[in-house]
Amino acid sequence: DAGVIQSPRHEVTEMGQEVTLRCKPISGHDYLFWYRQTMMRGLELLIYFNNNVPIDDSGMPEDRFSAKMPNASFSTLKIQPSEPRDSAVYFCASSFQVGTEAFFGQGTRLTVV
Amino acid sequence: GDSVTQMEGPVTLSEEAFLTINCTYTATGYPSLFWYVQYPGEGLQLLLKATKADDKGSNKGFEATYRKETTSFHLEKGSVQVSDSAVYFCALSDRSGGGADGLTFGKGTHLIIQP
């Protein structure tokens, strides 16, 4: 397996624009997580899915953020409208089951100007 | 709630020095514990793990022992190399205590090894 695949690797956008981040988890993993990494706040869990169903989105900072998982092999994280304070590295991770290690993608570095 | 505390660094050592990165945790149940490593521009990679008290995780010369009595999971390596320069994250997973299914991470420790 190629591991968790995220796209794009880098995204630069203007404030107010819609941004969509994409993730393909490892095949057979039932859990998918979206994390955000910043210098100030470290790694924050935004939302996670179990068998394509969102379980906990309490980490999503605002209504501007939304995430979907239409099938077992694809998830998106959307920010609309984007703001400069959304600039961060966004990671997708997947795991086989609860309590086991998560495997991370390479991340998407988002810059909102 | 669950939390992980680790020294933030940067920690600067000379090649072949002994490394310890401290990690302590707070959890309501019986967590699994992990160390992840992040090289520049890359995602996090699992370095080692331990799932119960007194377990020792090891990989690539790194070791950490799950100490329930001190709620600690310190990372050690006997002789570091320049290639070990990276950011190291301690993490826990505590669904047994009713916590979230995701990992809880420390803030990361930036390790710099000088030749």
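Quick note: structure is the one above.
Below you will find a few notes about this structure. (Residues numbered from 1 in each chain as written. Chains lettered and ligands numbered in written order. Predicted model: local features only at pLDDT ≥ 70, side-chain atom pairs only at ≥ 80, totals over all residues. Heavy atoms only, no water.)

## As for the overall build of chain A
Phase 1 of the analysis: The helix and strand tally for chain A stands at zero helices and 11 strands.
Phase 2 of the analysis: Written out in order from the N terminus, the α and β elements of chain A read β-β-β-β-β-β-β-β-β-β-β.
Phase 3 of the analysis: With the C-alpha coordinates of chain A rotated into their principal frame, the extents come out at 35 × 25 × 25 Å.
Phase 4 of the analysis: Per-residue burial over chain A gives 47% buried out of 113 residues.
Phase 5 of the analysis: Summing over all exposed atoms, chain A offers an accessible surface of approximately 5,600 Å²; the carbon and sulfur share of this is 50%. (Helix = DSSP H or I, 4+ residues; strand = E, 2+ residues; numbered from the N terminus. Buried < 20%, exposed > 50% of the residue type's maximum accessible area, 1.4 Å probe, protein only. Areas by Shrake-Rupley, 256 points an atom, 1.4 Å probe, with all protein chains shown as cover.)

## Focus: the sheet that holds strand E1 (residues 5–7) of chain A
Strand-to-strand pairing in sheets goes through backbone hydrogen bonds, with the strands running parallel or antiparallel.
Residues and elements named next belong to chain A.
Phase 1 of the analysis: Pairing is antiparallel across the open sheet formed by four strands, whose spatial order is E1-E3-E8-E7. One side of each edge strand has no neighbouring strand; the edge strands of this open sheet are E1 and strand E7 (65–71). Direction aside, neighbouring strands of the sheet carry axes that sit 15° apart on average.
Phase 2 of the analysis: The pairing of strand E3 (residues 19–24) with strand E8 (residues 74–79) spans five bridges and is antiparallel. When the bridges of E8 are listed, Val19 appears paired with Ile79. (Pairing = 2+ DSSP bridges. Axes fitted to C-alpha atoms, helices over the stretch in contact; angles between N-to-C directions.)

## A few points about the interface of chain B and chain A
Phase 1 of the analysis: If you look at the interface, chain B gives 19 residues, while chain A gives 19 residues.
Phase 2 of the analysis: The interface formed by chain B and chain A includes one salt bridge.
Phase 3 of the analysis: Here Lys49(B) and Glu101(A) are joined by a salt bridge, their closest N and O atoms 2.8 Å apart.
Phase 4 of the analysis: Scanning the region where chain B abuts chain A turns up five residue pairs in polar contact (both at pLDDT 80 or more).
Phase 5 of the analysis: Only strand E5 (32–38), strand E6 (44–50) and strand E10 (86–93) of chain B provide two or more residues apiece to the side of chain B that touches chain A.
Phase 6 of the analysis: In terms of residue count, E5(B) provides more of the side of chain B that touches chain A than any other element does, four residues in total.
Phase 7 of the analysis: Of the residues belonging to the side of chain B that touches chain A, the class tally is eight nonpolar, six polar and five charged. (Contact = heavy atoms within 4.5 Å. Salt bridge = Lys/Arg side-chain N within 4 Å of Asp/Glu carboxyl O. Polar contact = N/O pair within 3.5 Å; in protein donor to acceptor, adjacent residues only side chain to side chain. Nonpolar A, V, L, I, M, F, W, Y, C, P; charged D, E, K, R; others polar.)

## A word on the environment of Glu83(A)
Residues and elements named next belong to chain A.
Phase 1 of the analysis: Along the polypeptide, Glu83 turns up in the loop between E8 and strand E9 (88–95).
Phase 2 of the analysis: For Glu83, a relative accessible area of 23% translates into the label partly exposed.
Phase 3 of the analysis: It is 6.1 Å that separates the C-alpha atoms of Glu83 and Val112, two residues lying 29 residues apart in sequence.
Phase 4 of the analysis: For Glu83, the contacting residues outside a window of four places in its chain are Met15, Arg64 and Val112.
Phase 5 of the analysis: Among the polar contacts made by the side chain of Glu83, one reaches the side chain of Arg85 at a distance of 2.6 Å.

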